[in-house]
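Topology and contacts: notes
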Amino acid sequence: MAGGNEKSAKALKEVWRRAENSLCADCGKPDPDWASSTLGVFICLSCSGIHRNIPSISKVKSLKMDHWDDAQVKFLAHHGNAVTKATYEAHIPIYYYQPTYNDCQVLREQWIRAKYERKEFTEPGKQLPYSDGVKEGILWKRGRDNGQFLPRKFLLSEREGCLKYFTKQDAKEPKVIIKIDVINATFQPVKIGNPNGLQITYLKDNKTRNIFVYHENGKEVVDWFNAIRSVQFHYLKVAFPIASDNELKSRLTRNFLKEGYMEKTGPKQKEAFKRRWFTLDHRRLMYFKDPLDAFAKGEVFVGSRENGYSVQKGLPLGTQGNFSWHYGLTIVTPDREYLFTCETEADQLDWITAFTSVINQPMIPQEYASKCLDVVSFPS
């Protein structure tokens, strides 16, 4: 560790070792080894790069490699993550999505800028661009058939409880009206091919419909994301008046548990295995011919162990369908078995872990209802 002298190096080490500073102040990653000498927070390498892009607010230094003088060490000692969070995170709306180190760059950058640069959470009742129950603007939406991204007007309304989009800016009637209680939104920069790519999904005729959008401005697309969560939260407040805020928060937008390619065979288990893109969204396992398809080609409900669901490593003996990937897994349901193969053993284990996490959770009453409505068996 670099330091001005042995005394300051020892003092820096002591501050660094405090329990409050053991996680990155911005994303929660363990063992941060950078700090802001102007904000007094301990941060990870990745978040330090974001801080470096707002030099008017934050000056970052390595705790291991850079020189820290006595005054800077004393500043860190008087601040640290707990004190700084008490100032900059004092009034975060319950619905605001606080990203972790597993989240994409645009979410983490706008979280950091919202805290330190725009000071959005320092005062109670502050008017925020995603908190007034209505948002209107242009997002670039991918065409369902041609795959082109074109500008479309979107309108989010808490009063109407829906999200609408229009094919033309001056159109009077929307192309689609989506009820707020069936919407999910999750950032998908890699899949969409844009750092600000957002996937909006909703139920249509008990099937999942995907919309892929982006905005050139990172703040704008994150504001849209949090505006959706805000409207959802207030809708749930009315629908479930006795539920706690934390219970309602858990029902807002969610990230998918797992996505990626697997091979699948049909219900007779004799057909050739076909490579498809799979998405596990809690108890919905969906597959697509292409990751950016608007509709899934098939969906299956993944229930709980106590209801006869399980996941097994490998394929049943005597499986006849031809497959090119050799790391198999089997989903057992009360009705049938679903067979898949993965390209690598690591993929196989990741999928088994994801399925196990779902199957080990007891089902709630709403999920029993959803099972009756939503099961769509995989075609061949």
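These numbers were taken from a predicted model, which means no experiment stands behind them.

**Describing the UniProt feature "domain: PH" (unreviewed entry) in the chain**
Listed under "domain: PH" (unreviewed entry) in the UniProt record, and renumbered for this structure, are residues 132–233 and 255–360. In residues 132–233, the share of helix is 20% and the share of strand is 46%. The end C-alpha atoms are 12 Å apart. Span residues 255–360 is 14% helix and 38% strand, its end C-alpha atoms 19 Å apart.

**Description of helix H1 (residues 6–16)**
Every α-helix carries 3.6 residues per turn, so stepping three or four residues along brings you back to the same face. Among all positions in H1, only Ser8, Ala9, Leu12, Val15 and Trp16 are buried. Around the axis of H1, the buried residues are gathered within 125 degrees of arc, so they sit on the same side. Facing away from the buried side of H1, by more than 90 degrees, are the exposed residues Glu6, Lys7 and Lys10. Structurally, H1 contributes buried residues whose contacts are with strand E2 (42–43) and helix H3 (70–78).

**Here we look at the sheet that holds strand E1 (residues 34–36)**
Here three strands make up an open sheet; going across it, the order is E2-E1-E3 and the pairing antiparallel. The sheet terminates laterally at E2 and strand E3 (60–62), the two strands that pair on one side only. Pairing between E1 and E2: two bridges, direction antiparallel. For Ala35, the partnering residue across the bridge sits in E2 and is Phe42.

**Quick word on the pattern of salt bridges**
Taken as a whole, this structure holds 18 salt bridges when the rule is applied. A salt bridge links Lys153 to Glu136; the nearest nitrogen and oxygen atoms lie 3.8 Å apart. Here Lys153, found in strand E5 (residues 149–157), pairs with Glu136, found in strand E4 (residues 134–142); they are 17 residues apart in sequence, far enough to count as distant. You can call Glu136 exposed: its relative accessible area is 51%. A salt bridge links Lys219 to Asp223; the nearest nitrogen and oxygen atoms lie 2.7 Å apart. Of this pair, Lys219 and Asp223 both sit in helix H7 (residues 218–239), four residues apart, which is roughly one turn of that helix. Owing to a relative accessible area of 3%, Asp223 belongs among the buried residues under this scheme. Counted as one network, the salt bridges with shared partners bring together Asp26, Lys85, Glu89 and Lys115.

Conventions used here
- Residue indices follow the written sequence of each chain, beginning from 1 at its first position.
- Totals for whole chains, interfaces and linings use every residue, but because this is a predicted model, local features are given only for residues with pLDDT of at least 70 and side-chain atom pairs only at 80 or more, for both listing and counting.
- To obtain the side-chain values, all non-hydrogen atoms of the structure were used and water was disregarded.
- UniProt positions are given in the numbering used here, feature names are shortened, and annotations may be inferred rather than shown by experiment.
- Helical segments are the DSSP runs of H or I of at least four residues, strand segments are the runs of E of at least two, and each set is numbered from the N terminus.
- With a 1.4 Å probe rolled over the protein chains alone, any residue whose accessible area is under 20% of its type maximum counts as buried; one over 50% counts as exposed, and the rest are partly exposed.
- Regarding the arc, it is the one traced by the directions from the helix axis to the C-beta atoms.
- Contacts are residue-level and defined by heavy atoms, with any inter-residue pair within 4.5 Å sufficient.
- Two strands qualify as a pair provided DSSP detects at least 2 bridges between them.
- By definition, a salt bridge exists where a carboxyl oxygen of Asp or Glu is found within 4 Å of a side-chain nitrogen of Lys or Arg.

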